[in-house]
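An overview of the molecular structure
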Amino acid sequence: MKQPHAFKKLWLVFLMGILIFSLSGCGGGSGSNITAPLRADHINLIFVVSPDLAYQSPGDINPDTANLTNQGLQRSLLMATYLKQQVLGGKNVTGIYTLAPMTHLQTANNYPDMTAIGFIQQFALLNQITLPVDATSTYTANSYPINASYASGSVPNGVSVPAAYCTNCTGLDFNNTNGNNDTLISGIINNNVPGYYVFSAPWETISALLIKINNLYGYDLKLPAIYISPNYVYAISIPSSGSASLVNYNSNLDPPSSYPVLPSPVAGASCTHTQQAYFKTVRTGGVDNVRVPFNSNTNQRVYIVRHADAHPDPEYSFEDGNFVGAGQWRALSLSNALRGKINPNMVYSIDPAQWFNVYGTFNVSYVRPSLTILSYAIDNSLPYSLVSNFQLGEDPIDTGVAKTTSNFFFTGSTFSNQTMLLAWESGHIRPFLNALLTSYGGNPPLLPTAGPPKGGWPHTDYDTIWTVTLDARGNLTVDNELCEGIDSTKLPGTAPQF
């Protein structure tokens, strides 16, 4: 008998629903593919799959640098909003853990995996944290610390081993050395504190973690069998009963391939040198008892910027290792702000897995310098490298660190014939410039490093650019003529929304 037209339409809708549900299971993954946010009274382990060379959506990764493309950066900005609104239901995150970049080296040049930490940065700035700023008061800012430090035994070859490990700011290791990733996750589950724990890492690391958790706790979850796309977010939600469920979210993001446009223009500022007095000195071999160091680089130029805005409180005491919402406006506008001013062919910063203690109360991974210029490197398709073979240390005027930093960048010919953009910790910049000037002998003018703040860089100055130039003979010029040209006083306190 011929079926009514309405019945056939209903049957077609039913079949399509089954097909969509099957596909949403991620090649065998179970759990509900829903849009409802996770429950705040559960322990929610949220896994964000960052793209890498092996597993990515076409166009998200630059094959030459292993870094995000503009499309990949756009996806990360959109994913942040999706995570905050759809997965967390607008609630505040409880912890953010990301890959230590040096544990995953890619391409023949062994570039670190900055994608995982870059993929979650915007999300971190959509969450608030309240921190002590003195003995009696606190301050709340739009920023959340990102844990990216090495666990014991997971420091890669050639990377400086810290004097001590940060047990409460540990990130993820690509290879799960000594089972440290498993230990991190198990600690969260066993502590039994409800909340939202977000992990950003490549598929290889995420997949292994899901399998380990499932086996270790006997959850009997039907896990995703294959990589689908960076749009998928996987959450293991554990109620007080301990019976976990797997929730699959598909953000369905379709980011453009252009560089992100900020929601509103960033106010410019002229170089007035009111924050740091104008300085320029030239050290020429044979003049005024100057001797060019025998192993000095040649034909080199380095532009040095401070990390993005990080201390929103009046006393400049807020500190969580990350920059704050205003800093994201600066970081994302930096590529346009510096266009026509500089033309580097490489980008460097400190390893974000390094950590320090804040006021003796808590520990933080020092992620903000590297994240400050990440989007600049992405927009300009530049290789991104990290200084990881020595520890920056907490004392800005440590002469040993200053000399080591100067030697690393300006001797040994590694960076001869190169032009570099370097993001560094502000207090350490003047001391290592002084170490460089001193290495030329004679009686060089030195930059003041007395505090506050220690190291001599003004708290409110995020705009100054120091330029170091070595000519064909190694003669040295140091000046602060350039600036970023961004008005810090007019940057919004909350991160831009995408």
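Residues numbered from 1 in each chain as written. Predicted model: local features only at pLDDT ≥ 70, side-chain atom pairs only at ≥ 80, totals over all residues. Heavy atoms only, no water.

**Notes on helix α3 (residues 115–125)**
Burial of α3 is extensive: 11 of the 11 residues sit out of reach of the surface. Every buried residue belonging to α3 is among Thr115, Ala116, Ile117, Gly118, Phe119, Ile120, Gln121, Gln122, Phe123, Ala124 and Leu125, and all of these are buried. (Buried < 20%, exposed > 50% of the residue type's maximum accessible area, 1.4 Å probe, protein only. Helix = DSSP H or I, 4+ residues; strand = E, 2+ residues; numbered from the N terminus.)

**A closer look at the side chain of serine 333**
For serine 333, the location among the structural elements is in helix α6 (residues 325–338). The buried category is assigned to serine 333, whose relative accessible area is 9%. The contacts of serine 333, once residues within four sequence positions are left out, are Leu262, Val266 and Ile486. (Contact = heavy atoms within 4.5 Å.)

**A short note on the sheet that holds strand β9 (residues 245–250)**
In spatial order, the strands read β2-β7-β1-β8-β9; together these 5 strands make up an open sheet with mixed pairing. The outermost strands of the open sheet, each flanked by one partner alone, are β2 (95–98) and β9. Mean inter-strand twist for the sheet, computed between neighbouring axes without regard to direction, equals 20°. Direction of pairing for strand β1 (residues 43–49) relative to strand β8 (residues 232–238): antiparallel, over a ladder of 6 bridges. Across the sheet, residue asparagine 44 finds its bridge partner in β8, namely serine 237. In the packing of helix α4 (residues 180–191) onto the sheet, the strands contacted are β1, β2, β7 (195–201) and β8, and the crossing angle to β1 comes to about 150°. (Pairing = 2+ DSSP bridges. Axes fitted to C-alpha atoms, helices over the stretch in contact; angles between N-to-C directions.)

**Some details on the pairing of β9**
Here β8 runs beside β9; their pairing, made up of 6 bridges, is antiparallel. Along β9, the bridge assignment pairs tyrosine 232 with asparagine 250.

**Structural notes on the packing of helix α9 (residues 399–410) against helix α10 (residues 426–438)**
Following both chains from N to C, one finds α9 and α10 inclined at 70°, their axes separated by 8 Å at the closest point. One finds that α9 runs roughly perpendicular with respect to α10. You can see that α9 and α10 cross each other, and the crossing is right-handed. In this structure, α9 uses Val401, Ala402, Lys403, Thr405, Ser406 and Phe410 to contact α10, whose residues at the interface are His428, Pro431, Phe432, Ala435 and Leu436. Looking at side-chain class alone, the contact of α9 with α10 contains 7 nonpolar, 3 polar and 1 charged residues. (Parallel < 35°, antiparallel > 145°, perpendicular 65-115°, else oblique. Left-handed = near helix turned anticlockwise from the far one by under 90°. Nonpolar A, V, L, I, M, F, W, Y, C, P; charged D, E, K, R; others polar.)

**Topic: the state of the cysteines**
For the structure shown, the criterion picks out 2 disulfides. The disulfide partner of cysteine 166 is cysteine 169, and the S-S distance across this bridge is 2.0 Å. Comparing cysteine 166 with cysteine 169 shows no difference in burial state: the two are buried. Note on cysteine connectivity: cysteine 271 is disulfide-linked to cysteine 483, with sulfurs 1.8 Å apart. Handedness here is read from the sign of the S-S torsion; for cysteine 271 and cysteine 483, about -110°, the answer is left-handed. Taken together, the positions of cysteine 271 in the loop between β9 and β10 (280–283) and cysteine 483 in the segment after β18 (476–479) put the pair 212 residues apart, joining distant regions of the chain. Taken in sequence order, the bonded cysteines of the protein chain link in the pattern 1-2, 3-4. (Disulfide = S-S within 2.5 Å.)

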